[in-house]
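Listed below are the residues making up each chain.
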Amino acid sequence: MHPKTPYKEQNWATALCLDEADEFEASFNLLGFFETLYRIDERLQTEAGKEGACD
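These numbers were taken from a predicted model, which means no experiment stands behind them.

Trainee: I would appreciate a short explanation of the overall build of the protein chain in the present structure.
Mentor: Within the protein chain one finds two helices and zero strands. Burial status across the protein chain gives 5% buried among its 55 residues. Per element, the accessible surface of the protein chain, about 5000 Å² overall, is 60% carbon and sulfur.

In structure tokens:
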């Protein structure tokens, strides 16, 4: 485990028996997931704005 990792974050990685590489991949995938949700949300807001302008 990376020595700079905060204690609370070390707990979930230890409980899942993740080594440092697996922990990085899990964090990277989770960030990618939320980035995708953010992009979908922005696209929906943009489309909703276009629909409202036509009324």
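Trainee: Is there a simple way to explain a negative patch on the surface in this structure?
Mentor: A grouping of Asp-19, Glu-20, Asp-22 and Glu-25 is seen on the molecular surface, where their side chains present a negatively charged patch. Looking at where Asp-22 falls in the secondary structure, it is placed in helix α2 (residues 20-54). Among the residues examined, Asp-22 registers a relative accessible area of 36% and is labelled partly exposed.

Trainee: Is there a simple way to explain the pattern of salt bridges in this structure?
Mentor: Pairing between side chains of opposite charge can happen when the charged atoms of each approach one another. Summed over the entire model, instances satisfying the criterion amount to one salt bridge. A salt bridge links Glu-35 to Arg-39; the shortest N-O distance between them is 2.7 Å. Within this pair, Glu-35 and its partner Arg-39 are both found in helix α2, separated by four residues, close to a single helical turn.

Trainee: Help me understand the packing of aromatic side chains in this model?
Mentor: In this description, a pair of aromatic rings is defined by centroid distance and the angle of the planes. The tally for this structure, following the rule as stated, stands at one aromatic pair. Ring geometry for Phe-33 versus Phe-34: centroids 5.3 Å apart, planes at 70°, classification edge-to-face. A residue is classified by how much of its surface remains accessible, and Phe-34, at 48% relative accessible area, is partly exposed.

Trainee: Before we go on, may I ask you to explain a nonpolar patch on the surface in this structure?
Mentor: A cluster of nonpolar side chains, contributed by Leu-30, Phe-33, Phe-34, Leu-37, Ile-40 and Leu-44, occupies part of the molecular surface with about 580 Å² of accessible area. By secondary structure assignment, the location of Ile-40 is in helix α2.

Procedures and definitions
Residue positions are given per chain, counted from 1 along the sequence in the order it is written. Two thresholds apply to this predicted model, a pLDDT of at least 70 for residue-level local features and 80 or more for giving and counting side-chain atom pairs, whereas whole-chain, interface and lining totals are computed over all residues. The side-chain figures draw on all heavy atoms in the structure; neither hydrogens nor water molecules are used. The numbering of helices and of strands both runs from the N terminus, where a helix is a DSSP run of H or I of at least 4 residues and a strand a run of E of at least 2. In this scheme, a residue with accessible area under 20% of its type's maximum is buried, one over 50% is exposed, and one in between is partly exposed, where area comes from a 1.4 Å probe on protein chains only. Method for areas: the Shrake-Rupley scheme with a 1.4 Å probe, in which residue coverage is limited to the protein chains shown. In this analysis, a patch consists of residues with relative accessible area above 30% that form no salt bridge, clustered at 9 Å for like charges and at 5 Å for the nonpolar side chains Val, Leu, Ile, Met, Phe, Trp and Tyr. Any carboxyl oxygen of Asp or Glu that lies within 4 Å of a side-chain nitrogen of Lys or Arg is treated as forming a salt bridge with it. The sign given to each residue is positive for Lys and Arg and negative for Asp and Glu; His and the chain ends receive no count. Each charge is placed at NZ for Lys, CZ for Arg, CG for Asp and CD for Glu. Any two rings among Phe, Tyr and Trp, with Trp reduced to its six-membered ring, count as a pair given centres within 6.5 Å; such a pair is stacked if its planes are under 30 degrees apart, edge-to-face if over 60, and tilted if neither.

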